[in-house]
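# Fold and contact review
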Amino acid sequence: MEKNQYLKGKRFLKSSLKTNKFSIGAERLLLLFTAISVLYSIYIILFGKNNIFKYIERERIKDKLQSEVSLIKKENQLLKKEISYLKNDRFFIEKKAREDLGLVKENEEVYILVQKKEKKREKKERWIDRVIQKYQEFILKK
């Protein structure tokens, strides 16, 4: 009986060693696979087609474009108000014509105050100078 038990113990020991060798190899293989997976994930995050740096840059561009869109929307609202005034408000139309085109009513005189210092600094012809010249030509023709 002792011999039988001895052989059983020996067989058990051999089978358990084989199992342990297999399980140790499987653990190493699993560890290796996990390490490779982690390294590959890090590589994709840092250097892949859609890496983290491109994502950050896209977010900056997105924020910049959103701020531009909001500015354009505000400008669009102001222009819509101005269009509404130009269609409906006669006082606004007259004011705009006077400011932008330099128009005046009949028997109305325009006085423009020019400082001497400004005249020396500005050598470019301003729109108001053209209006004054046209106005003077108009008066001389009468």
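See the structure shown above.
The present account deals with the structure reproduced in this document.

Conventions used here
- Residues numbered from 1 in each chain as written.
- Predicted model: local features only at pLDDT ≥ 70, side-chain atom pairs only at ≥ 80, totals over all residues.
- Heavy atoms only, no water.
- Helix = DSSP H or I, 4+ residues; strand = E, 2+ residues; numbered from the N terminus.
- Buried < 20%, exposed > 50% of the residue type's maximum accessible area, 1.4 Å probe, protein only.
- Contact = heavy atoms within 4.5 Å.
- Areas by Shrake-Rupley, 256 points an atom, 1.4 Å probe, with all protein chains shown as cover.
- Salt bridge = Lys/Arg side-chain N within 4 Å of Asp/Glu carboxyl O.
- Axes fitted to C-alpha atoms, helices over the stretch in contact; angles between N-to-C directions.
- Parallel < 35°, antiparallel > 145°, perpendicular 65-115°, else oblique.
- Nonpolar A, V, L, I, M, F, W, Y, C, P; charged D, E, K, R; others polar.
- 1 Å grid on protein atoms, 1.4 Å probe; cavity = no way out; pocket = protein on both sides within 12 Å on 5 of 7 lines; lining within 4 Å.
- Points joined across faces, edges and corners; volume = space filled by probe spheres on them.

### Some points on the overall build of the protein chain
From N to C terminus, the protein chain includes five helices and zero strands. Helices (α) and strands (β) of the protein chain occur, in sequence order from the N terminus, as α-α-α-α-α. Taking all 142 residues of the protein chain together, the buried fraction comes to 4%. The long-range share in the protein chain, meaning contacts at least 24 apart out of those at least 6 apart in sequence, stands at 25%. Just so you have it, the protein chain exposes about 14400 Å², and 61% of that area is on carbon and sulfur atoms.

### Some thoughts on the pattern of salt bridges
Following the criterion strictly, the structure yields six salt bridges and no others. For E57, the salt bridge is made with R60, and the minimal N-O distance between the two is 3.6 Å. Pair noted here: E57 and R60 are both in helix 2 (residues 52–88), with a separation of three residues, about one helical turn. Two residues, K105 and E94, come together in a salt bridge whose shortest N-O distance is 3.3 Å. Note that K105 is positioned in the loop between helix 3 (90–101) and helix 4 (116–121) and E94 in helix 3, a separation of 11 residues in sequence.

### A look at the packing of helix 2 against helix 3
Two numbers describe how helix 2 lies on helix 3: the axes approach to 6 Å, and their chain directions differ by 105°. In terms of their interaxial angle, helix 2 and helix 3 are classed as roughly perpendicular. The segment helix 2 lies against helix 3, with E82, Y85, L86 and N88 engaging R90, F92, I93 and K96. Of the residues in the contact of helix 2 with helix 3, the class split is four nonpolar, one polar and three charged.

### Concerning the layout of surface pockets
By rolling a water-sized probe across the atoms, one finds the places where empty space is left. Approximately 310 Å³ is the volume attributed to the largest pocket. In terms of lining residues, the largest pocket is bounded by 15 residues, among which V104, K105, Y135, F138 and I139 are the most central. Here the lining of the largest pocket gets five residues from one element, more than from any other, and that element is helix 5 (residues 127–141). Here the residues of the lining of the largest pocket sort into seven nonpolar, two polar and six charged. Taken as a whole, the second largest pocket spans an internal volume of roughly 250 Å³. Lining the second largest pocket are 14 residues, with V110, I112, V131, I132 and Y135 positioned closest to its centre. Of all elements in the fold, only helix 3 and helix 5 reach the threshold of two or more residues within the lining of the second largest pocket.

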